[in-house]
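One letter stands for each residue in the lines below.
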Amino acid sequence: MPLTRSLTVTRTSERPPLAAPAIGVLGTGSYLPGHVVTNDEVGGPAGVDDAWIQQKTGILARRYAKPDEATSDLAVIAGRAALERAGVRAADLSLILVATSTPDEPHAPTATAVAHRLDAPARAAAFDINSLCSGFVFGLDTARNHLIAAGGGHALVIGADIYSRSLNPADRRTTPLLGDGAGAVVLGPVPEGRGIRATRLLSFGGQRDLTSVPAGGSRLPASERTLAEGLHYFTMNGRGVREFVNANVPPALHGFLSDAGCPEDHVDHFVPHQANGRMLEELEAALALPRALTHTTVARYGNTAAASVPITLDEAVRSGAVREGQTVLLAGFGGGMAAGFALIDW
C-alpha cells in the first residue's frame, strides 16, 4: 500500500538550558483488570482460533474491565501506585493528565474524575489527551514542558483505555488485539544529568482513516441507523497500520536519536507501544539497536492502547531490569496517525 506522508505536526523538545530544572520519572504504576480473556473466548465469535491469533499477533490473552469499571477507575488505581512509589502526595501535584481515547463519557474530562478521587488540589490542572496509542508519550512531553515552565513541581501522567466496550465481537481484525488497562508515572525534578533528555511528537493526518470509530461524534452523531450499522465499533485497516509503522517509525526514531545526540548503542532499554507481537518483531529488527533490551507485555495483555507504554515501563522498572544511569527509549505509535518518542536518562 503506497503511503502518502502528510506531516501535520513535527515537534522536537531538547533538554532546556541548565537554569531550568531537569524533569524525570519519580515513580511508576499500573493496573490490569482481573478478568483474563483467552484467545478461545474472543476467537469463537470472530471465526478464528487460538493458533490463528497467536500466529498473527503473538497474543495469548488480554484483560477486560468489569461491567462496573470505567476508564477513570483503572486510572485511579494506576495513579495511586505511581504516587506511592514516587513518595509524592496527590496534594503536591500541579498537573494531572489522562491519555485516553475511551473516556468515561464525552465530557467532562476523565482526568477531572481522577483528580477528584485522588483528592488532588484545585490548583492541579486536570485534562485529557487523545492521541490514541501515542497519547501517553504526548502527555509525557506536555507535562515535562509544563513543569519546566513552572520551574518545578510534580505531575501525574496516566495512560488508560477500555477498548473491550468498543469492539465488534465478529471482527477478527480488532477483537483479538485489544485489551484494557492503565499505567502511570509521576514526574518531578531530578538531579542534572538525569531525567527526560528529549521528546519528539509527530502527527500524520493523511493516514488518519487507518483507524476510526465512525459514529458518535459531531460528524456522524448517534442514531438508530448508526447503531444498527455498527458504526460505533472501533475499526482498523490492519495491513495499512503495519505498513505505516514499518515505513515511518524506524527512520523517525533513528533521526530522533541522532538529533538528541544519543548513539544507538547507548540505548539500554526500548519500551514500544504494544500494538501487535508480530509487528514488534519487525520493528525491533528494523531498528537494530545494538544493545537495547526490548520490553514487551503484548502476549499477556494484548494492545492496551494509550496504557501499553506505561504498563510495560512499570513492569520493566519493578522487575529491576531498568537501573539508575541507564538510557530508556519510549515509542508510542498508532492511530491518528501519530508517533511520540521520549529519551530518558534513568
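Everything here concerns the structure above.
Residues numbered from 1 in each chain as written. Predicted model: local features only at pLDDT ≥ 70, side-chain atom pairs only at ≥ 80, totals over all residues. Heavy atoms only, no water.

Considerations on unusual backbone geometry
- The omega torsion of the bond from His-107 to Ala-108 falls at 10°, within 30 degrees of zero and hence cis.
- Secondary-structure assignment places Ala-108 in the loop between strand E5 (93-99) and helix H4 (110-117).
- Each neighbour pair has its own omega, and for Gly-336 with Met-337 the value is -20°, a cis peptide bond.
- By secondary structure assignment, the location of Met-337 is in the loop between strand E14 (327-334) and strand E15 (338-345).
- Look at Asp-119: it is not a glycine, yet its phi comes out positive at around 60°. (Helix = DSSP H or I, 4+ residues; strand = E, 2+ residues; numbered from the N terminus.)

Here's the deal with the packing of aromatic side chains
- Throughout the structure, instances matching the rule amount to three aromatic pairs.
- Pairing Tyr-163 with Phe-234 gives two aromatic rings, centres 5.3 Å apart and planes at 80°, and the pair type is edge-to-face. Here Tyr-163 is found in the loop between strand E7 (154-162) and strand E8 (180-190), whereas its partner Phe-234 is found in the loop between helix H6 (224-228) and strand E11 (235-236), with 71 residues between them in sequence. Residue Tyr-163 shares its accessibility class with Phe-234, and that shared class is buried.
- Geometrically, the ring pair formed by Phe-256 and Phe-341 is tilted, given 5.8 Å between the ring centres and 45° between the ring planes. With Phe-256 in helix H7 (residues 238-259) and Phe-341 in strand E15, this residue pair connects regions lying 85 residues apart in the sequence. Take Phe-256 and Phe-341: they sit in the same class, and that class is buried. (Phe/Tyr/Trp six-rings, centres within 6.5 Å; stacked < 30°, edge-to-face > 60°. Buried < 20%, exposed > 50% of the residue type's maximum accessible area, 1.4 Å probe, protein only.)

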